[in-house]
Amino acid sequence: MKLICTQASQVLGARLAGRLGVETIDVRYSRFPDGETALVRDGTDDETVIVGAVTGADALVELLLLIDACDESANTLVLPYMAYARQDRRFRPGEPLSARAIARAVSTGVDRVIAVNLHDPSVLAHFRVPAEHVSIAPQVGAWVAGHEGNDPLVLSPDDGAARFAEEVARVGGFDHDYLDKKRISGESVEIRPKSLPAEGREVIIVDDIISTGGTLATAARMLLDQGATAVRAACVHGVFAGGALLHLAAAGVAEVVCSDTIERANSCITAADRLADALR
Ligand code: R5P
C-alpha cells in the first residue's frame, strides 16, 4: 500500500502515512498556460490510498485529476472533508442535490470511500462505491480532556449535534447538554443550555463544522452573560468562512480549535489515528 495526497491534505497525509508505516507517492504540479492544473505522479502500488479534502472547486478538480492519475491501482479514497455535504436534500424545486453530485464525481475511479464526520450519514448512500464515515469525536474529547480547565460543560449548538457532544464528553466523563434557542420576540432569541446552567462553568462548544461561526458567536455572548467563566470551541472541520475566527474572538470565545481534516493554523486535533484504524 502507498499513499498519495492532494495539496489540501498534506499534513494529514503525512501523519497517516506515518501511522500506517507506508510510503507516500510524490506529485509534481504545474499549470497549463490557460491556468488549468497539470500534475504528474511518481509510481503507485497495487493498492493506493488517496487522501484529499474537498474544500472547494480547485481542491475538487485536483482530487479528480489525482484519482484519474492513479487509474492502474485499486484505490481507497480518504475524504477528510466534503464541501457541499450539507446540501443533502433538495430544499427548493430546481436545486441540485449537491452532496450527491460531489459523491458521484469522486466515486469514479475509486473502489471504496472513507469520509470523516459527514454532516449527515445519509450522504453515504450517494457514493457509487462502498462508503463509510468515521467519527473523531473521541479525539475531540481527548483535546477537551487534555487542555487546562476544570470540569468543563460540553455543549452542542443544537439538539442535532447532541450525540456528537455526548461522544466528546464521554472521554472525560464530562457533563454535556445542548443549546436551546427560544424566540423572545421578532428581533431577539435567547440561547441557553437545555438543562444544565452555564453559570460558574467553563463551557466548551463542540460541533462537526464551524463555518461562519454565526450561531456559535451569538451563543458565546449569551453564555458569558449567563455567568460562564470561559467559552471555548472545538470542531472537526474548521471552514472558518468570512472572518469567522475574528468574529468568535470578538464574541469572547477564548480559544477555537479544529482538526486537520481542513488544515489550519489551529488544527490541534488529528484524524490520522482514526483513519489509520479504518484502513488497517
Ligand atoms: C449545522 O447543523 C452544523 O452542525 C453547524 O452547526 C453549522 O454548519 C455551522 O455553521 P455556522 O458556523 O455558519 O453557524
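Residues numbered from 1 in each chain as written. Predicted model: local features only at pLDDT ≥ 70, side-chain atom pairs only at ≥ 80, totals over all residues. Heavy atoms only, no water.

## Here's the deal with the domain arrangement of the chain
Phase 1: We note that the domain assignment places domain 1 (2-135 + 271-279) and domain 2 (137-260) within the chain.
Phase 2: Between the C-alpha centres of domain 1 and domain 2 there is a distance of 29 Å.
Phase 3: Listed per partner, the contact involves eleven residues of domain 1 and twelve residues of domain 2.
Phase 4: Taken over both partners, the interface formed by domain 1 and domain 2 buries close to 1000 Å², and the fraction arising from carbon and sulfur atoms is 49%.
Phase 5: A per-residue breakdown of the area domain 1 buries against domain 2 is headed by Tyr81, Asn117 and Ser135, which together make up 44% of the total.
Phase 6: Where domain 1 packs against domain 2, one counts one salt bridge.
Phase 7: Two residues, aspartate 260 and arginine 15, come together in a salt bridge whose shortest N-O distance is 2.7 Å. (Domains from an automatic or database assignment. Contact = heavy atoms within 4.5 Å. Buried area = accessible area lost by both parts, 1.4 Å probe. Salt bridge = Lys/Arg side-chain N within 4 Å of Asp/Glu carboxyl O.)

## Thoughts on the pattern of salt bridges
Phase 1: A complete count under the given rule lists 17 salt bridges for this structure.
Phase 2: Of the charged contacts, one joins aspartate 42 and arginine 28 as a salt bridge, the two residues approaching to 3.0 Å between their closest N and O atoms. Of this pair, aspartate 42 sits in the loop between strand 4 (37-41) and strand 5 (47-51) while arginine 28 sits in strand 3 (residues 27-31), and the two are 14 residues apart along the sequence.
Phase 3: A relative accessible area of 33% places aspartate 42 in the partly exposed class.
Phase 4: Accessibility expressed as a relative area gives 42% for arginine 28, which makes it partly exposed.
Phase 5: We note a salt bridge from glutamate 190 to arginine 192, for which the minimum N-O separation is 3.4 Å.
Phase 6: Members of the salt-bridge network, linked through shared partners, are Asp151, Asp175 and Arg201. (Helix = DSSP H or I, 4+ residues; strand = E, 2+ residues; numbered from the N terminus. Buried < 20%, exposed > 50% of the residue type's maximum accessible area, 1.4 Å probe, protein only.)

## Side note on the packing of helix 4 (residues 137-146) against helix 5 (residues 162-170)
Phase 1: The contact between helix 4 and helix 5 brings their axes to 7 Å, and the two run at 55°. Between helix 4 and helix 5, the interaxial angle falls into the category oblique. Crossing of helix 4 against helix 5: the hand is right-handed. Taking contact as the criterion, the partners of Ala137, Val140, Gly141 and Val144 in helix 4 are, on helix 5, Phe164, Glu167 and Val168.
Phase 2: Split by residue class, the contact of helix 4 with helix 5 holds five nonpolar, one polar and one charged. (Axes fitted to C-alpha atoms, helices over the stretch in contact; angles between N-to-C directions. Parallel < 35°, antiparallel > 145°, perpendicular 65-115°, else oblique. Left-handed = near helix turned anticlockwise from the far one by under 90°. Nonpolar A, V, L, I, M, F, W, Y, C, P; charged D, E, K, R; others polar.)

## Quick notes on the site of the ligand
Phase 1: Every residue near the ligand is listed here: Arg86, His119, Asp207, Asp208, Ile209, Ile210, Ser211, Thr212, Gly213, Gly214 and Thr215.
Phase 2: One nitrogen or oxygen atom from the side chain of aspartate 207 is found 2.5 Å from an oxygen atom belonging to the ligand.
Phase 3: The fraction of the free accessible surface of the ligand (380 Å²) that becomes covered by protein chains is 77%.
Phase 4: Counting only elements with at least two residues in the shell around the ligand, the list comes to strand 12 (202-210) and helix 6 (214-225).
Phase 5: The greatest single-element share of the shell around the ligand, amounting to four residues, is contributed by strand 12.
Phase 6: Residue composition of the shell around the ligand, by class: two nonpolar, six polar and three charged. (Near = heavy atom within 4 Å. Polar contact = N/O pair within 3.5 Å; in protein donor to acceptor, adjacent residues only side chain to side chain. Areas by Shrake-Rupley, 256 points an atom, 1.4 Å probe, with all protein chains shown as cover.)

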